[in-house]
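Okay, here's what each chain looks like letter by letter:
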Amino acid sequence: MPPRIVVRGSGRPIVLIPGIQGRYEWGLPTVEALAHLGRVITYSLADEPTSAFSWTEAAGFENYVAQLDDVIGQTAAVPPVLVGVSYGGLVAAEFASRHPERVAGLVVASAPPPAWTLPDRALRYLAAPRLMAPAFWLGAPFRIYPELKSAFPDTRRRLTFMAGQGLRIAAAPASSRRMIRRLRWLRAAKTTLDHTIDVPALIVVGEPELERVVPPDATLAYRAWLPEARVVTLTGTGHGGTVTRAGEFAAHVASWMQHLPPARPAGTCLPATAEESVRADRVS
């Protein structure tokens, strides 16, 4: 079975790397919004059974850097813009650190930096994953509701979004076991982020009072490696802003992309048969 790579839109390639839940389906509103800007390429993380990518336990976080390398090699005839959301932001930044010549630009959204100190809640999950999993999933709606209420002040719009996103999540459930494994891999990751990355960059954060996962100050640590990066805050939202405010997020990306150098060839991409359309997926 070939690796599952999802493509929407046309134009300049934009590779979207998902967060710690690992499923591309959770970010489909973001895919739809970015598809107005270029050819969006996305996928599920390598250790998701539906991704059909190869991975090994021993490789840890390196699985995702190698997967991104593979995706770019299969789909991008010119260096793409990398958009890394949350956990995917560190994957994108690490790839750009190693291969700046293969990246047209880097967007890091609500991403943990290397050697990030996990919050106490995450450490409790790591210590007792089976015991804590029910508490995590039962508490998730209560943790995210303040952000949803802020992002969608209109009740009807909020309920419509919750219904649509709920169906996407139910159709592509995340695994506590895999998420915990990714947290372990994050703690053990050996990155090369110790120097300035010479690529245009955009750093996106949510509002501090609504961000319940990665504090904006933690994501802003990326300015140490991306000193010329533009920094924007998505108003009225927190960690989920790339989805809840997908249009606003895409607008910031569009404004920033206007200043990127013209696309340049990077070799020959493989046939389009390696790609899969998301035409059957609907977003609200």
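Residues numbered from 1 in each chain as written. Predicted model: local features only at pLDDT ≥ 70, side-chain atom pairs only at ≥ 80, totals over all residues. Heavy atoms only, no water.

Caption draft 1: Layout of the overall build of the protein. Looking only at helices and strands, one finds 10 helices and eight strands in the protein. For the protein, buried positions account for 55% of its 284 residues. Excluding contacts between residues fewer than 6 apart, the proportion of contacts in the protein whose partners are at least 24 apart in sequence is 79%. For the protein, the accessible area works out to roughly 12800 Å², and carbon and sulfur atoms hold 59% of it. (Helix = DSSP H or I, 4+ residues; strand = E, 2+ residues; numbered from the N terminus. Buried < 20%, exposed > 50% of the residue type's maximum accessible area, 1.4 Å probe, protein only. Contact = heavy atoms within 4.5 Å. Areas by Shrake-Rupley, 256 points an atom, 1.4 Å probe, with all protein chains shown as cover.)

Caption draft 2: Main features of the pairing of strand 1 (residues 5–8). Alternating residues of strand 1 divide into Ile5 and Val7 and Val6 and Arg8, and every residue in both groups is buried. Two strands pair when backbone bridges link them, and strand 1 and strand 3 (residues 39–42) are joined in this way by three bridges, in the antiparallel orientation. When the bridges of strand 3 are listed, Val6 appears paired with Thr42. (Pairing = 2+ DSSP bridges.)

Caption draft 3: Geometry of the environment of Val6. In this structure, Val6 sits in strand 1. Sequence separation of Val6 and Tyr24 is 18 residues, and the distance between their C-alpha atoms is 8.4 Å.

Caption draft 4: Layout of the pattern of salt bridges. Here the structure, examined in full by the defined rule, presents 11 salt bridges. A salt bridge links Glu32 to Arg8; the nearest nitrogen and oxygen atoms lie 2.2 Å apart. Separated by 24 residues along the polypeptide, Glu32 in helix 1 (residues 28–34) and Arg8 in strand 1 bring together distant segments of the chain. Among the residues examined, Arg8 registers a relative accessible area of 19% and is labelled buried. Here Asp47 ties to Arg181 by a salt bridge, and the two come within 2.9 Å at their closest N and O atoms. Taken as a pair, Asp47 in the loop between strand 3 and helix 2 (62–75) and Arg181 in helix 7 (residues 176–188) lie far apart in primary sequence, 134 residues in all. Just as Asp47 is buried, Arg181 falls in that class too. Through salt bridges with shared partners, a single network forms among Asp47, Glu48, Arg178, Arg181 and Arg182. (Salt bridge = Lys/Arg side-chain N within 4 Å of Asp/Glu carboxyl O.)

Caption draft 5: Quick look at helix 6 (residues 155–171). Here helix 6 is 17 residues long and its end C-alpha atoms lie 24 Å apart, about the 24 Å a rise of 1.5 Å per residue gives. Here helix 6 has its buried residues at Arg158, Phe161, Gly164, Gln165 and Arg168. One face of helix 6 carries all of its buried residues, which in axial projection span an arc of 140°. Residues Arg156, Leu159, Leu167, Ala170 and Ala171 are exposed on helix 6 and point more than 90 degrees away from its buried face. Sitting at the head of helix 6, Asp154 places a side-chain oxygen 3.2 Å from the backbone nitrogen of Arg156. (Expected span 1.5 Å × (residues − 1). Arc of directions from axis to C-beta. Polar contact = N/O pair within 3.5 Å; in protein donor to acceptor, adjacent residues only side chain to side chain.)

Caption draft 6: Looking closely at the environment of Val7. Inspection of the secondary structure puts Val7 in strand 1. Residues Val7 and Thr75, 68 residues apart in the sequence, show an inter-C-alpha distance of 9.1 Å.

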